[in-house]
Amino acid sequence: MQKNHLLTTLRSLKLIDGCKGTQVYAVNPSASNANAPASSSSSSLEKPLLRHVASLRAKSIQGGNNGGGRNHYAPSLLPESLLPFGLPSADHIDPPVDPFLRHVDPVSALSDSFRRLSSATEAEADAGAGDERLLLLCDLHLEQLSLFRPVADPKLLRRSLRSARLHAPNAHHRVVLSAWLRFERREDQLVPSPSPVSSCSPTSPALECPRAALLSPSSSSDLLCPCRRPPPDPSPSSSASVPAPRRHGQEEIEDADVWFCIGDDEVPCVRSNIAALSKPLSTLLYGGFAEARRERISFSHNGISVRGMKAVDVFSRTGRLDEFPPDTVLELLAFANKFCCEGLKSACDSKMASLVRNLDDALLLVEYGLEETAYLLVAACLQVFLRELPRSLSDPDITRLLCTQEGRERLEAASHASFLLYHFLSQVAMEEDMKSNTTVMLLERLVECATPGWQKQLALHQLGCVMLERGEYKDAQRWFEEAASEGHVYSRVGVARAKFKKGHKYSAYKLASSLIDDFEPVGWMYQERSLYCNGKEKMSDLRVATELDPTLAYPYKYRAIALMEDDKVGAAIAEINKIIGFKVSTDCLELRAWFCLALEDYVGAVQDTRALMTLDPRYLMFHGKLHGDQLIEILQQHGKQWDMADCWMQLYDRWSAVDDIGSLAVVHQMLAKEPANSSLRFRQSLLLLRLNCQKSAMNSLRLARNHSIHDHERLVYEGWILYDTGHRDEALAKAEESISVQRSFEAFFLKAYALADSNLDATSSSYVIQLLEQANSCASDNLRKGQAHNNMGSIFVDCDMLDEAAECYLKALGIKHTRAHQGLARVYYLKNQKKAAYDEMTKLIEKAKNNASAYEKRSEYCDRDMAKSDLNMATKLDPLRTYPYRYRAAVLMDDNKEEEAIAELSQAIAFKPDLQLLHLRAAFYDSMGETACTVRDCEAALCLDPSHCDSMDLYNKALGRAGPPST
């Protein structure tokens, strides 16, 4: 009954009248039908979604020959069944303006960044690490972070943040950067910390330590996490050197030579000790004031209590605050500010900062810190706010401080307002809700803190992007124009888009055309211009955009929708498959599901919907109108209902067919039946890793750990989390601990996998093989056992034990581990059976749904012409694979076609500035005597990986010929 009610609701939905676009909407039921009982809705659901696809098409009823635009459909032709939101509309798929810096020549930008960073590093080494030089280095690493955003490699982004944190010049920068690092790693957490500033776990990165962020390192050894330092020596000799705090007693009264009178009470003090606290107090007690000649001084009107003045006396004698409660320390802080007692203020500041443990503490104490400009106290409170992101941005008191201009001015007075702070905050806010007022206010503060250059470009451009999303096109155009005037060329795309949204289509077209005329054309330029033209010209621009940058999704999506509108649904699916084959995204999966509905392929529609809901459980289908789970619920009754046994069979078939999306959909269905099944969550994480969805994979792995009901399972999943985050030794320890609790396939497999991740000698290889054999002796399914046999085969090959390797691969194939064909082909090749190796890879190509890598690998086992054909196919299926470009370029270079070889590499570098591609092009330029180009490409490669030895050697060689580069 609930499903029927949902369907009735769906059928009655209308979208906003007058919305421009080509979307077809379902016929709105008549009043009588709308009020019909649920049973009638149920019967209408049994009708085909689209009885005749051709009946949906109609020539435009709104100017079919107007400029070659797409046809519009007559809504009355839509059948009375599903698709309540009609067919996909090209008007709803415009690509967003990327909210990061995008350079027209990214290689030169990377090269320049490396050169300036190298120069600053050398200056630091020569002159020492002063605060100004550290600040420069920190800023250069942040700029590099902005350069890496379009590359979308999490490792590069994290490396830049770590480098910036290493060079943080003060507590403010350390607090912000350590919180940012922790935020980026939030999916890796095994168990949420009880407090945002609690002590680090043994595997927490030292650079994220909240205690270390508040300390001022005096040497490189001080960079170690203080949570891991050994406790101080408790021996009597060490404790004897620390003076014990003293209380007011007869001895103190006898030492006193001045009494401070507060009300009716007198506080005895030592004049010289009080005078030593600050110059103003010294002047008061020893200068020309009357108090210098008095033994009793009235202090009733100086805002300090008797208890507070006694604490001042104790501090003046001992230099310690250990025994005083927080309210007394705050009183001392105010006293220290009033009389300029820097030592007392520093001690109070440190003491209060150490008391900030949670959000309530921070909210209570931050006002005191700001009022008294207590640098460390404000830093400690700010640290809690940042480590509680994004939740803390929903607190009105925190947003008042972090988002408003008044709050920024108060933070600035305490030396805690910076571009870095608002860069981090605005990044979090944009991820949460790009259209929110909070995001706008934070970006306004970012603009206020930005310095001319890349900071101003980024802040202004991001503000323009947010205003564009909010529909405030006039303001968006203004911010984009300011960013462009600061030198950010890509912001001209934002200007064009804002003009287009305001109705100035021709002006937008001219602006997009000027980009193509003024600079070396790249894919996003043609994609942008295509938005402002129609017909053949639009299709031409989209074709060029794909040629220049095949990773852009919009051209595929638009062409697919255009084919759909021309009644070519199969061709539409084939078009969108081109990008899904190498770059899985929720929007493309949604589009393919939509097309499947048009073909009445409910199984395909459900599969893609399940896959995209795995990537984003909150996704709304049909241009944001329907939750994906609701669509699955409706469509399920059109297909066979599977129990868990059926699902396991389906998963086995899809896994064997290397159908990762299909496998992901089956796992999603199984988890709907058993949401707490940790084994399924683990398999889900493996599939997501194959699809290069790293954050989603880590989230699934963490859920597997959290849902584990057995200790040995939980330990294994914790081990995988540790391994995937770079803690190999800790992962091995978890595997061994799991084995000690209970022998299991996954524990032995994890241990073998972690041990194999090193240069194995014969003994180590033998041990890893034994571990895998022990894994296969434990209970598990064939999906995992096939992987173990495959891994054993790889180790045997590395040990040159080819017969044993072949046996392992054949065992894996015997239980349908299809990827073992590749290993077996390698064995044949090493046995000089090249034809058998080629045939084996052909079997993999025939069986595997995702087979770009198989074509690439088969190219190694055939002659040059056949290899070229296979590599061309690999590039067609997955243009992100770099080996085919390098191979073709090397062949061209061997044929003395130098320009063509450079062009082959440049084609790929334009949309994927890859380390190997850049190094190879630099080597080609070097052989051609093009020293400047060699240096540039080496610098860009070293920017991506400063430890790449081959690029460094080539760079030094080129510099030797060219002389030192200008900085």
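Residues numbered from 1 in each chain as written. Predicted model: local features only at pLDDT ≥ 70, side-chain atom pairs only at ≥ 80, totals over all residues. Heavy atoms only, no water.

Enquirer: Teacher, can you tell me more about the pairing of strand β2 (residues 265–269) here?
Expert: For a regular strand, the rule is simple: side chains alternate between the two faces of the sheet. Two elements, strand β1 (residues 258–262) and β2, share 5 bridges in a ladder whose sense is antiparallel. Each bridged residue has a counterpart across the sheet, and for W259 the counterpart in β2 is P268. Connecting β1 to the next strand, β2, in antiparallel fashion are 2 residues, including G263 with a positive phi near 65°. (Pairing = 2+ DSSP bridges. Helix = DSSP H or I, 4+ residues; strand = E, 2+ residues; numbered from the N terminus.)

Enquirer: What exactly am I supposed to notice about unusual backbone geometry here?
Expert: Working note: non-glycine residues mostly have negative phi, and peptide bonds are mostly trans. Residue P390 is bonded to the preceding L389 through a cis peptide linkage, with omega at 0°. Its location among the elements puts P390 in the loop between α17 (375–387) and α18 (396–403). Even without glycine at this site, D567 takes up a positive phi of about 70°. Despite not being glycine, K816 shows a phi value in the positive range, around 65°.

Enquirer: Even after reading the chapter, I still don't get the sheet that holds β1, so can you show me in this structure?
Expert: Sheet strands line up and pair through hydrogen bonds in the backbone, either parallel or antiparallel. The strand order β2-β1-β3 describes an open sheet built from 3 strands, whose pairing is mixed. This sheet does not close on itself; its edge strands, each paired only once, are β2 and β3 (296–298). Each neighbouring strand pair of the sheet contributes to a mean axis angle of 30°, computed without reference to strand direction. The strands touched by helix α13 (residues 306–318) within the sheet are β1 and β2, with β2 carrying the most contacts at an inclination of about 5°. (Axes fitted to C-alpha atoms, helices over the stretch in contact; angles between N-to-C directions. Contact = heavy atoms within 4.5 Å.)

Enquirer: Help me understand a negative patch on the surface, please; the structure alone is not making it clear to me.
Expert: Together, E898, E899, E900 and E930 make up a region of like negative charge exposed at the surface. Checked against the element boundaries, E898 lands in helix α49 (residues 898–909). (Patch = residues over 30% accessible without salt bridge, like charges linked within 9 Å, V, L, I, M, F, W, Y side chains within 5 Å. Areas by Shrake-Rupley, 256 points an atom, 1.4 Å probe, with all protein chains shown as cover. Salt bridge = Lys/Arg side-chain N within 4 Å of Asp/Glu carboxyl O. Lys, Arg positive; Asp, Glu negative; His and termini not counted. Charge placed at Lys NZ, Arg CZ, Asp CG, Glu CD.)

Enquirer: Before we go on, may I ask you to explain helix α50 (residues 915–927) in this structure?
Expert: Along an α-helix, residues three or four positions apart point the same way, because every turn accommodates 3.6 residues. Relative to the 18 Å expected for 13 residues at 1.5 Å per residue, α50 spans 19 Å between its end C-alpha atoms, a close match to the ideal helical length. Here α50 lies mainly inside the structure; 10 of its 13 residues are buried. Burial in α50 covers these residues: L915, L917, L918, H919, L920, R921, A922, F924, Y925 and D926. Two or three places before Q916, at the opening of α50, D914 has a side-chain oxygen 2.9 Å from that residue's backbone nitrogen. Remark: G929 follows α50 within two positions and exhibits a positive phi of approximately 80°. (Expected span 1.5 Å × (residues − 1). Buried < 20%, exposed > 50% of the residue type's maximum accessible area, 1.4 Å probe, protein only. Polar contact = N/O pair within 3.5 Å; in protein donor to acceptor, adjacent residues only side chain to side chain.)

Enquirer: Sorry if this is basic, but what is going on with the packing of helix α36 (residues 678–690) against helix α38 (residues 711–724) here?
Expert: Each pair of packed helices gets described by two things: the angle between the helix axes and the distance between those axes. Axis separation between α36 and α38 bottoms out at 11 Å; the angle between their running directions is 20°. The angle between α36 and α38 falls in the class roughly parallel. Of the two elements, α36 crosses α38, and the hand of that crossing is left-handed. On α38, the residues touching S678, S679, F682 and L689 of α36 are E713, Y717, W720 and D724. Split into classes, the residues belonging to the contact of α36 with α38 amount to 4 nonpolar, 2 polar and 2 charged. (Parallel < 35°, antiparallel > 145°, perpendicular 65-115°, else oblique. Left-handed = near helix turned anticlockwise from the far one by under 90°. Nonpolar A, V, L, I, M, F, W, Y, C, P; charged D, E, K, R; others polar.)

Enquirer: Quick question: what am I supposed to make of the packing of aromatic side chains here?
Expert: Each aromatic ring pair is summarised here by two numbers: the centre-to-centre distance and the angle between the ring planes. The tally for this structure, following the rule as stated, stands at 23 aromatic pairs. A ring pair is formed by W180 and F424, whose centres lie 5.1 Å apart and whose planes are at 20°; its orientation type is stacked. With W180 in helix α7 (residues 171–184) and F424 in helix α20 (residues 419–432), this pair connects stretches of sequence that are 244 residues apart. As far as burial versus exposure is concerned, W180 and F424 are alike and both buried. (Phe/Tyr/Trp six-rings, centres within 6.5 Å; stacked < 30°, edge-to-face > 60°.)

Enquirer: I tried to follow the environment of I579 on my own but got confused; where do I start?
Expert: With respect to the helices, strands and loops of the structure, I579 is situated in helix α29 (residues 569–580). Residue classification places I579 among the buried positions, given a relative accessible area of 1%. Each C-alpha atom of the pair I579 and K557 lies 9.1 Å from the other, and the pair is 22 residues apart in sequence. Discounting residues that sit within four places of it in the chain, I579 has contacts with T551, L552, A553, Y556 and C588.

Enquirer: How do you make sense of the UniProt feature "coiled-coil region" (unreviewed entry) in the protein when you look at a structure like this?
Expert: UniProt records the feature "coiled-coil region" (unreviewed entry) for residues 831–858 in the present numbering. Between the end C-alpha atoms of residues 831–858 there is a gap of 16 Å, over a span that is 75% helix and 0% strand. (UniProt positions renumbered as here; feature names shortened; annotations may be inferred.)

Enquirer: Can you help me understand α20 in this one?
Expert: The end-to-end C-alpha separation of α20 is 20 Å, in line with the 20 Å expected for 14 residues at 1.5 Å each. For α20, the tally of buried residues reaches 12 of 14 residues, placing the bulk of the element in the interior. Buried within α20 are the following residues: F419, L420, L421, Y422, H423, F424, L425, S426, Q427, V428, A429 and M430.

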